[in-house]
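Inside the fold
Residues per chain are reported as follows:
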Amino acid sequence: MYGRRILIGRNYINIRAATINDIQQLADLRILQQHDDWGSEYIDYDGNFYARTLNALSDFLYKEDGLQPSKGVIFIAEIHGKIIATCGLQRIDMLPQCNNNGQYGYMFNVFTVEEYRRQGIQSRLIENALSYSEKCGLTEIKLETDSEDAISLYKKHGFEWDTLFMSKDVMITESREV
C-alpha cells in the first residue's frame, strides 16, 4: 500500500512514507498549514518556528543513526517531486489496559495544499495511515480537529467522537530542565 502511484484527474500522484530528504518540504508545508489554520492569529512567538519544525521532523522520523524510523510515519502525496499533502501518524506507547495492548496512534499534520483539495488525495493518505496502524498493532487512532470539512472526512473513515479526554494548556515561557 505504501509507495504507490495513482492517477487523480490528469495528475499522477506518488503516495509514500516521508524520508529524511523530505524534511525541508515538510517544514515548508507545516508553515503553510499553520498560516491556513490560524489565519490572522498566526504568530511565531519566538521567531524560530521554522527551525523548531525542522528539528522536530528530524527527531520524529529518524533515530540518531539516521536510518530507522523513530516515533511514527508521515505519509505524503507528491506531484513531480513536490509534496502536496501530508498525513502523520505518531505511535504512542502507554501501559497496557485489560482490554488492549496500550499502543495507539495519534494522527496529525493532516494537510493538503488548497489547489489539490477535494480530489480524494487526503483519503488515500488516511487509508495508508490506517493500514500502517493495523500492521503495527495499534489498537486505536486519536486526532484533534475543529474543522467541519475535516470532521466529515474523518467520519467517512470510521472516526467517532470520544468524550473521555480533557486537556489543559500549559505555556512554558522560558527553557527549564526537567
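Use the structure listed above.
Residues numbered from 1 in each chain as written. Predicted model: local features only at pLDDT ≥ 70, side-chain atom pairs only at ≥ 80, totals over all residues. Heavy atoms only, no water.

Bringing helix α1 (residues 23-38) into the picture now. An ideal rise of 1.5 Å per residue puts 22 Å on 16 residues; α1 measures up with 22 Å between its terminal C-alpha atoms. Of the residues making up α1, those classed as buried are I23, L26, A27, L29, I31, Q33 and Q34. Tucked into the core, α1 has its buried residues touching α2 (49-61), β3 (72-79), β4 (82-93) and β5 (103-112). With its phi angle positive at about 55 degrees, G39 sits one or two positions after the end of α1. (Helix = DSSP H or I, 4+ residues; strand = E, 2+ residues; numbered from the N terminus. Expected span 1.5 Å × (residues − 1). Buried < 20%, exposed > 50% of the residue type's maximum accessible area, 1.4 Å probe, protein only. Contact = heavy atoms within 4.5 Å.)

Spatial ordering of the open sheet is given by β1-β2-β3-β4-β5-β6, a layout of six strands whose pairing is mixed. With one partner strand each, in any of the chains shown, β1 (4-8) and β6 (141-142) form the two edges of the open sheet. Of the pairings in the sheet, the one linking β4 to β5 comprises eight bridges and is antiparallel in character. Bridging across to β5, G88 finds its partner in F108. With respect to the sheet, α2 is in contact with β3, β4 and β5, its orientation differing from that of β3 by roughly 115 degrees. On top of the sheet, helix α3 (residues 121-135) reaches β1, β2 (11-17), β3, β4, β5 and β6; it is set at about 25 degrees to β4, its chief contact. (Pairing = 2+ DSSP bridges. Axes fitted to C-alpha atoms, helices over the stretch in contact; angles between N-to-C directions.)

Right, let's talk about the packing of α1 against α2 for a bit. Following both chains from N to C, one finds α1 and α2 inclined at 125 degrees, their axes separated by 9 Å at the closest point. When the axes of α1 and α2 are compared, the pair comes out oblique. Viewed along their axes, α1 and α2 form a crossing whose handedness is right-handed. Judged by residue contacts, I23, Q24, L26, A27, D28, R30, I31 and Q34 of α1 engage F49, Y50, T53, L54, L57, S58 and L61 from α2. Across the contact of α1 with α2, the residue classes break down as nine nonpolar, four polar and two charged. (Parallel < 35°, antiparallel > 145°, perpendicular 65-115°, else oblique. Left-handed = near helix turned anticlockwise from the far one by under 90°. Nonpolar A, V, L, I, M, F, W, Y, C, P; charged D, E, K, R; others polar.)

Moving on, we come to the packing of aromatic side chains. By the definition in use, this model includes four aromatic pairs. Plain terms: the ring middles of F60 and F108 are 5.2 Å apart, the flat faces sit at 80 degrees to each other, and that makes the pair edge-to-face. Remark: F108 occurs in strand β5 and F60 occurs in helix α2; sequence separation between them is 48 residues. Judged by relative accessible area, F60 falls into the buried class, the value being 8%. Between Y154 and F159 the ring centres are 5.6 Å apart and the planes differ by 65 degrees, which places this aromatic pair in the edge-to-face class. The exposure class of Y154 is buried, given its relative accessible area of 8%. Residue classification places F159 among the buried positions, given a relative accessible area of 15%. If you follow R5 out to its NZ or CZ, it ends over the ring of Y12, 4.1 Å from the centre. A cation sits over an aromatic face here: K142 above Y104, 5.0 Å from the ring centre. (Phe/Tyr/Trp six-rings, centres within 6.5 Å; stacked < 30°, edge-to-face > 60°. Lys NZ or Arg CZ within 6 Å of the ring centre and 35° of its normal.)

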